[in-house]
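Summary of structural features
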Amino acid sequence: MVKDGYYYALGLLAAAIVIGWLTRPGWGVPLLLLAGFFLWFFRDPERTIPDTPGALVSPGDGKVTDVGRVDVNGLPRTRMSIFLSVFDVHVNRSPISGVIEDVRYQTGKFHNAMGSSSAQSNEQNIVTVRGEGHTVIFKQIAGVLARRIVFTKKIGDRVQRGERVGLIKFGSRVDVIMDAAAALQVKVGDRVRGGSSVLAFLPQVQVADDRGETVSMTSGSRETDGGSR
């Protein structure tokens, strides 16, 4: 349970008791039901995080609504959009292991998060993570009901694949922008779970290690011609 759920629920419970005491007990029932909703909404279930090398996991629960190509700094990338309804878990997780290179909060509008324009015009938090040869960007995008984006990490923090990094309160959207050569594992219409659903496998890249040797690397592995190490 995210602690915010307790704060909302306790406040509503106190209000229900006061209203029921001053008027009739039945008048406090709607507030009790709303308190129960907040406890359910802010649930934070444990997830089994895939350990397959190169796996890029979903940053949130929801439905894949769009997969397309975008240009980032002149380079072609794949963008995958996931819509989180008010009934989904809203805890967000890091799609890969790595270091947070940039965090940029953009103020904006609160249009329907399913609309294509929301990726640019809506209020959002844009996070860049670099992990062993790959850079992945994911966005926490506010929607019609979502008015609060929470991000608990900062630039320079190291995160693990599937690690909790924040949440978006109520209906919203998350976008993941990855290497255009990534092997996609889901399609539009699929439902995914934050931290446990593999969205794609990132390609191996050639990088130099500390000794100047060339190694093949994904976001989850490090290999030389002699095998893993």
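A word on a nonpolar patch on the surface
Taken together, the side chains of Leu 10, Leu 13, Ile 17 and Leu 32 make up a nonpolar region of the molecular surface, amounting to roughly 370 Å² of accessible area. Relative to the assigned elements, Leu 13 resides in helix α1 (residues 3-22).

Quick look at the sheet that holds strand β14 (residues 198-201)
The strands making up a sheet are joined through hydrogen bonds of the backbone, oriented either antiparallel or parallel. Overall, antiparallel pairing links the 3 strands, which are arranged β1-β14-β12 in an open sheet. Both outer strands of the open sheet, β1 (55-57) and β12 (183-184), are each paired with one neighbouring strand and no more. Sheet topology places β1 next to β14; 3 bridges connect them, and they run antiparallel. Bridge pairing links Val 57 to Val 198 in β14.

Notes on the pairing of strand β5 (residues 98-106)
Consecutive residues of a regular strand have side chains that alternate between opposite faces of the sheet. With 2 bridges connecting them, β5 and strand β9 (residues 158-159) associate as antiparallel partners. Its bridge partner lying in β9, Val 99 is registered against Arg 158. Sheet topology places β5 next to strand β6 (residues 124-131); 7 bridges connect them, and they run antiparallel. Of the residues in β6, the one forming a bridge with Asp 102 is Thr 128.

Concerning the environment of Lys 63
Inspection of the secondary structure puts Lys 63 in strand β2 (residues 62-72). Here the alpha-carbon distance between Lys 63 and Ser 85, two residues 22 residues apart in the chain, equals 8.5 Å. Apart from the residues lying within four places of it in its own chain, the contact partners of Lys 63 are Ser 81, Ile 82, Phe 83, Gly 189, Asp 190 and Arg 191.

About the cut-offs
Residues numbered from 1 in each chain as written. Predicted model: local features only at pLDDT ≥ 70, side-chain atom pairs only at ≥ 80, totals over all residues. Heavy atoms only, no water. Patch = residues over 30% accessible without salt bridge, like charges linked within 9 Å, V, L, I, M, F, W, Y side chains within 5 Å. Areas by Shrake-Rupley, 256 points an atom, 1.4 Å probe, with all protein chains shown as cover. Salt bridge = Lys/Arg side-chain N within 4 Å of Asp/Glu carboxyl O. Helix = DSSP H or I, 4+ residues; strand = E, 2+ residues; numbered from the N terminus. Pairing = 2+ DSSP bridges. Contact = heavy atoms within 4.5 Å.

In short, geometric facts, not functional conclusions.
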